[in-house]
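Chains, contacts and geometry: an overview
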Amino acid sequence: MKCEEANHVCDKSQYKEASFVERIKLAIHLIYCSACRKYSFRNNKLSNAIKKSDLKTISKEDKSDLKERLHQEMSK
Amino acid sequence: MPKHQLDPNVWVDRYSDYLFNFTIVRVNDSEIAKDLISETFLAGLKSKDNFKGEATERTWLISILKRKIIDHYRKINSNKGKAEVRISYNDEESEGDWLEERVSDPFDKTAEDTMENEELGIAIYSCLDSLNKKQATIFKMKTIDGFDTEAICNEFNITASNLWVIIHRARKAMADCLEKNWL
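What counts as what
- Residues numbered from 1 in each chain as written.
- Chains lettered and ligands numbered in written order.
- Predicted model: local features only at pLDDT ≥ 70, side-chain atom pairs only at ≥ 80, totals over all residues.
- Heavy atoms only, no water.
- Helix = DSSP H or I, 4+ residues; strand = E, 2+ residues; numbered from the N terminus.
- Rg over C-alpha atoms; globule rule 2.2 N^0.38 Å.
- Buried < 20%, exposed > 50% of the residue type's maximum accessible area, 1.4 Å probe, protein only.
- Contact = heavy atoms within 4.5 Å.
- Areas by Shrake-Rupley, 256 points an atom, 1.4 Å probe, with all protein chains shown as cover.
- Buried area = accessible area lost by both parts, 1.4 Å probe.
- Salt bridge = Lys/Arg side-chain N within 4 Å of Asp/Glu carboxyl O.
- Nonpolar A, V, L, I, M, F, W, Y, C, P; charged D, E, K, R; others polar.
- Expected span 1.5 Å × (residues − 1).
- Core = buried A, V, L, I, M, F, W, Y, C linked by side-chain atoms within 4.5 Å.
- pLDDT = per-residue confidence, 0-100.
- Axes fitted to C-alpha atoms, helices over the stretch in contact; angles between N-to-C directions.
- Parallel < 35°, antiparallel > 145°, perpendicular 65-115°, else oblique.
- Left-handed = near helix turned anticlockwise from the far one by under 90°.

**Some thoughts on the overall build of chain A**
- Helix and strand content of chain A: four helices and zero strands.
- Going from the N terminus to the C terminus, chain A shows its helices and strands as α-α-α-α.
- Here the C-alpha radius of gyration of chain A, 20 Å, is well above what a compact globule of 76 residues would show, namely 11 Å.
- Counting only C-alpha atoms, chain A reaches 65 × 20 × 20 Å along its principal axes.
- Here chain A holds 76 residues, and the buried ones make up 39% of them.
- Taking the intrachain contacts of chain A between residues at least 6 apart in sequence as the baseline, contacts between residues at least 24 apart amount to 51%.
- For chain A, the exposed area adds up to about 5000 Å²; of that, 55% sits on carbon and sulfur atoms.

**A word on the interface of chain A and chain B**
- With 32 residues of chain A in contact, the opposing surface of chain B contributes 42 residues.
- Summed over both sides, the interface between chain A and chain B buries roughly 3600 Å², with carbon and sulfur atoms accounting for 63% of that surface.
- Along the contact surface separating chain A from chain B lie seven salt bridges.
- With its nearest N and O atoms 3.6 Å apart, the salt bridge here joins R42 of chain A to E179 of chain B.
- Going through the elements one at a time, α1 (3-14), α3 (34-53) and α4 (60-74) of chain A are the ones with two or more residues in the side of chain A that touches chain B.
- Residue composition of the side of chain A that touches chain B, grouped by class: 10 nonpolar, eight polar and 14 charged.

**Brief notes about helix α3 (residues 57-76) of chain B**
- Relative to the 28 Å expected for 20 residues at 1.5 Å per residue, α3 of chain B spans 29 Å between its end C-alpha atoms, a close match to the ideal helical length.
- Where α3 of chain B is concerned, the buried positions are E57, R58, W60, L61, I62, I64, L65, I69 and H72 of chain B.

**What about the nonpolar core?**
- Among the nonpolar cores identified, the biggest contains 53 residues, and L19 and F41 of chain B are the most heavily contacted of them.
- Broken down by element, the residue count for this core peaks at nine residues, all from helix α1 (residues 8-27) of chain B.
- Setting aside anything within four residues of it in sequence, one finds L19 of chain B in contact with I37, F41, L61, I62 and L65 of chain B.
- The next biggest cluster of nonpolar side chains, apart from the first, holds nine residues, and it includes A6, C10, L26 and L30 of chain A.

**Quick notes on the confidence of the model for chain B**
Residues and elements named next belong to chain B.
- Taken residue by residue, chain B gives an average pLDDT of 80. The fraction at 70 or more is 79%.
- Ranking the elements of chain B by mean pLDDT puts helix α4 (residues 98-104) last with 52 and helix α8 (residues 160-181) first with 91.
- Across the whole predicted complex the pTM is 0.74, and at the interface the ipTM reaches 0.86.

**Looking at the packing of α1 of chain A against α3 of chain A**
All names here are of chain A.
- The N-to-C vectors of α1 and α3 enclose an angle of 15°; their axes lie 10 Å apart at closest approach. The angle between the axes of α1 and α3 places the two elements in the roughly parallel class. In the crossing of α1 with α3, the sense of the turn from one axis to the other is right-handed. Counted together, C3, A6, N7, C10, D11 and Q14 of α1 and C36, Y39, S40, N43, N44 and S47 of α3 form the full contact between these two elements.
- Partitioning the contact of α1 with α3 into residue classes produces five nonpolar, six polar and one charged.

This is the structure we're talking about:
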């Protein structure tokens, strides 16, 4: 496995989209590649931070509502 | 020439999520939060000419939002004494001990957690600001809203490998940025 692919699998696994085989291959790659180990570590940290912050977003529909109200007011 | 300028056209896309998170931890009701944000934008529009350009757009909007939230509290607490309604006692003797109770209760970590998480949220949002708009939108959809890869690809008319390149760049930038500002 090349580093590029390892990083890609690492990204996918942050979203639980890496297959079992891919994850095994990544784990093996990480044993000998310190650069990817570092990337993996920071990538996991980022996922945890976002999970911990429990951020919420406004749905698309509500955003268009907000926009509409704002635009109505602007065109007055 | 002022350093910062207002552009109401981008407010919703750029700041509504941030303002929403700021509000939701304070009012605990997403409908009220949305109303307050809408009011904030409208008030911002009205007092646009008062903006001196010394603060960033976001800071300025937050300062309006804070006033809206305070107004909201005033409204719901308009009867005297209601502000403390959440602290209740079983007997009269323990009255007045509430401050110490709060401090010593090891299970009451929520206030602290909320604060810490809020700071983290702020750090995440300022880092999202440093991404370009498309990267930020896709990253948010995928990471915070948890949309499927396929759904996002259809929405933006990109291939899955395009998407992963965008996600990879966004994650790298976010990790760098958060390392500097938070972790």
